[in-house]
Amino acid sequence: MTLAGDGYELCAPEPHQFDELAAAIHRAYGGFPDPPEFHEMNQKIFEFDRAIVVRRDGRICATSTIYSLEMTVPGGPRPVAGVGYVSVMPDHRRRGLMRRMMTHTFTTLHETQAEPVAALHSTEAGIYGRFGYGMAGQVVRLTIPRGAAALLPERPRDPSLRLRATRPEEIADLVAPCYDVNVPIRPGMLRRDALWTHRALMDPPEARGGCAPLQAVVVEDDDGARGYALYTVRSNWVDSSPRNIVLVREIYARDPAAYAEIWATLLDLDLTATVLAETRPVDDPVLAMLADVRTAVPTLRDQLHVRLVDVDRALAARTYGCDVDLVLEVEDDLCPWNRGRWRLSGGVSAAECHRTHDQADLSVSIRALGAAYLGGVSLKQLAAAGAVTELRPGALAVAAAAFRHDPAPFCPTIF
Ligand SMILES: CC(C)(COP(=O)(O)OP(=O)(O)OC[C@H]1O[C@@H](n2cnc3c(N)ncnc32)[C@H](O)[C@@H]1OP(=O)(O)O)[C@@H](O)C(=O)NCCC(=O)NCCS
């Protein structure tokens, strides 16, 4: 298939071409090859029939793929197209290849009635808005000074909990049950099968960046594990004194007491001075348990970017915080099938969305709808930023309440 008559050809890669594909992607991302363990895993989870390779004169010029994900949205886990491996080789940039791949992806998803929503993690925050992606989730980075008093004394406690320090491979069986209970609760969370769970535990020495091997801590009672953390330690001695840094990879617990116990443990490891949790939900319960939240230096950044491929199917796939019956006038430059007026009716248990000729209550860009989709970004904030216009008084307040979701979105799995 030719992309635009300028010699670029769009093809589906064959499984035997994965090494060539991976080498091209590494070139595009700066030239860092994956450790063999990651390379093997990436090949296993790669969906060849959903990938695009753009070639010219036989050479790979650009790549993009989709992972068939199940991601929680308000209302529960739903199929979402996880867009990944978007790369254009340095000598083929700024000629519109990414734009063509995006257009191809959305058109294919629409024509095949596949996932109605696409999501991605972006290397740079400014890239994808022009394609109708909205920044749907933010995360905080926490840098918490060590101290037994870091958590409030009234934090949840359970004397039946026991602590076990161990190696990640020893906890392979208990990770899924502790993780899985969290999936339906929080938008953005992904279901992980055995492969993706294994991927979360991987720790090739080449990827440690000078840190210690990955470590695990488990809290359990007589009935089994109630939570775990995966973390590593970066050596940091200052003036002959230990000031090591604990780097948190993931923490999941089945209940508040187990969650608090894990944090209390990480915050009081000998020879350490700081716990650095790079990627946490903006409403992480630990923020409400810290004795002095200011010392944690919470720093916001964008995380998940979401694009509604088919407005009607996407809006009907989630539920809403209150009853809603609104006509949305949607603007979408890239996907003309989304343009025009849609009536959204629904509430806490179900919703439907159909084309209408009725008068619009709100005018929204597709990007604003993507931002609001997981419930983490307020339509009122987007209206104040000019991305949503209220056409009938009162409609914005209802829409904002309906779209909002608690807890906030969080997608710790990179795809
Ligand atoms: C990002 C990347 C895929 C862009 O590919 P490209 O083919 O040069 O992009 P296009 O020519 O289709 O550009 C489309 C638009 O995006 C803009 N754009 C491209 N890269 C951008 C960037 N890094 N930041 C902001 N805007 C960017 C272009 O200016 C263009 O804007 P316009 O439509 O307003 O003119 C490419 O530069 C790349 O591979 N970068 C390194 C790997 C990477 O970061 N991939 C993204 C993974 S999420």
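Criteria and thresholds
Residues numbered from 1 in each chain as written. Predicted model: local features only at pLDDT ≥ 70, side-chain atom pairs only at ≥ 80, totals over all residues. Heavy atoms only, no water. UniProt positions renumbered as here; feature names shortened; annotations may be inferred. Helix = DSSP H or I, 4+ residues; strand = E, 2+ residues; numbered from the N terminus. Pairing = 2+ DSSP bridges. Axes fitted to C-alpha atoms, helices over the stretch in contact; angles between N-to-C directions. Domains from an automatic or database assignment. Contact = heavy atoms within 4.5 Å. Buried area = accessible area lost by both parts, 1.4 Å probe. Salt bridge = Lys/Arg side-chain N within 4 Å of Asp/Glu carboxyl O. Polar contact = N/O pair within 3.5 Å; in protein donor to acceptor, adjacent residues only side chain to side chain. Nonpolar A, V, L, I, M, F, W, Y, C, P; charged D, E, K, R; others polar. Buried < 20%, exposed > 50% of the residue type's maximum accessible area, 1.4 Å probe, protein only. Arc of directions from axis to C-beta. Near = heavy atom within 4 Å. Areas by Shrake-Rupley, 256 points an atom, 1.4 Å probe, with all protein chains shown as cover.

What UniProt states about the protein under its Sequence similarities (unreviewed entry) heading is, verbatim, "Belongs to the acetyltransferase Eis family." Comment text from UniProt for the protein, heading Subunit (unreviewed entry), reads "Homohexamer; trimer of dimers."

**Looking at the UniProt feature "domain: N-acetyltransferase" (unreviewed entry) in the protein**
Mapped onto this numbering, the UniProt entry gives "domain: N-acetyltransferase" (unreviewed entry) at residues 8-158. Helix makes up 24% of residues 8-158 and strand 34%. Its end C-alpha atoms lie 62 Å apart.

**Comments concerning the sheet that holds strand β17 (residues 324-331)**
Strands sit in the order β19-β18-β17-β20-β21 across an open sheet of 5 strands; the sheet is mixed. Strands with a single pairing partner mark the edges of an open sheet, and in this sheet they are β19 (351-355) and β21 (388-390). The sheet shows a mean angle of 25° between the axes of neighbouring strands, taken without regard to direction. In the sheet, β17 pairs with strand β18 (residues 340-346) via 7 bridges, with the strands oriented antiparallel.

**Here we look at the domain arrangement of the protein**
Where interface size is quoted, it is often the accessible area lost as the parts come together. As assigned here, the protein comprises domain 1 (9-115), domain 2 (139-301) and domain 3 (308-403). In this structure, domain 1 and domain 2 have C-alpha centres spaced 31 Å apart. Each side of the interface is counted separately: domain 1 has 16 residues, and domain 2 has 17 residues. The largest share of the area that domain 1 buries against domain 2 comes from M41, I45 and T72, three residues that together contribute 35% of it. Here domain 1 and domain 2 share 1 salt bridge between them. Taken together, domain 1 and domain 2 are joined by 4 residue pairs in polar contact (both at pLDDT 80 or more). Examining the composition of the side of domain 1 that touches domain 2, we find that 7 residues originate from one element, helix α2 (residues 36-45), more than from any other. A class-by-class count of the residues in the side of domain 1 that touches domain 2 yields 11 nonpolar, 2 polar and 3 charged.

**Digging into the side chain of R55**
Tracing the backbone shows R55 in strand β2 (residues 52-56). A polar contact of 2.8 Å, which involves the side chain of R55, links it to the backbone oxygen of G58. In this structure, R55 is in contact with G7, Y8, E9, C11, Q17, E20, I60 and C61, ignoring residues within four places of it in sequence.

**Focus: the sheet that holds strand β16 (residues 304-308)**
Strand pairs in the sheet, formed through backbone hydrogen bonds, run parallel or antiparallel to each other. With mixed pairing, the 7 strands of this open sheet are ordered in space as β1-β2-β3-β4-β5-β16-β6. The open sheet is flanked by β1 (9-11) and β6 (134-135), the only strands paired with a single partner. Its contacts with the sheet place helix α1 (residues 18-28) against β2, β3 (59-73) and β4 (76-88), and it is angled at close to 90° to β3.

**A closer look at the UniProt feature "active site" (unreviewed entry) in the protein**
The residues that UniProt annotates with the feature "active site" (unreviewed entry) are Y128 and F415. Along the chain, Y128 falls in the loop between β5 (117-121) and β6. When its relative accessible area of 6% is taken as the criterion, Y128 is described as buried. Once residues within four sequence positions are removed from consideration, Y128 is found in contact with V86, M98, M102, L120, S122 and Y133. Relative to the assigned elements, F415 resides in the segment after α10 (395-403). Other than its neighbours up to four places away in sequence, F415 contacts Y67, L69, M71, G82, V83, A119, L120, H121, L190, W196, R199 and L304.

**Comments concerning α2**
All of the buried residues along α2 are H39, M41, N42 and I45. Seen end-on, α2 carries its buried residues on one side only, within an arc spanning 165°.

**Things to note about the site of the ligand**
Taken together, 21 residues are adjacent to the ligand, and V88, R94, G96, R99 and T123 come closest. R130 places a side-chain nitrogen or oxygen 3.1 Å from an oxygen atom of the ligand. For the ligand, whose free accessible area comes to 890 Å², the fraction covered by protein is 77%. Within the residue set of the shell around the ligand, elements represented by two or more residues are β4 and α3 (97-111). Of the residues contributing to the shell around the ligand, the split by class is 9 nonpolar, 6 polar and 6 charged.

**Quick word on the environment of S363**
Here S363 lies in strand β20 (residues 362-365). For S363, a relative accessible area of 13% translates into the label buried. When the C-alpha positions of S363 and A384 are compared, they lie 13 Å apart, and in sequence the two are 21 residues distant. When neighbours within four sequence positions are excluded, S363 is seen to be in contact with E329, E331, A387, V388, T389 and L391. Separated by 3.3 Å, the side chains of S363 and E331 make a polar contact.

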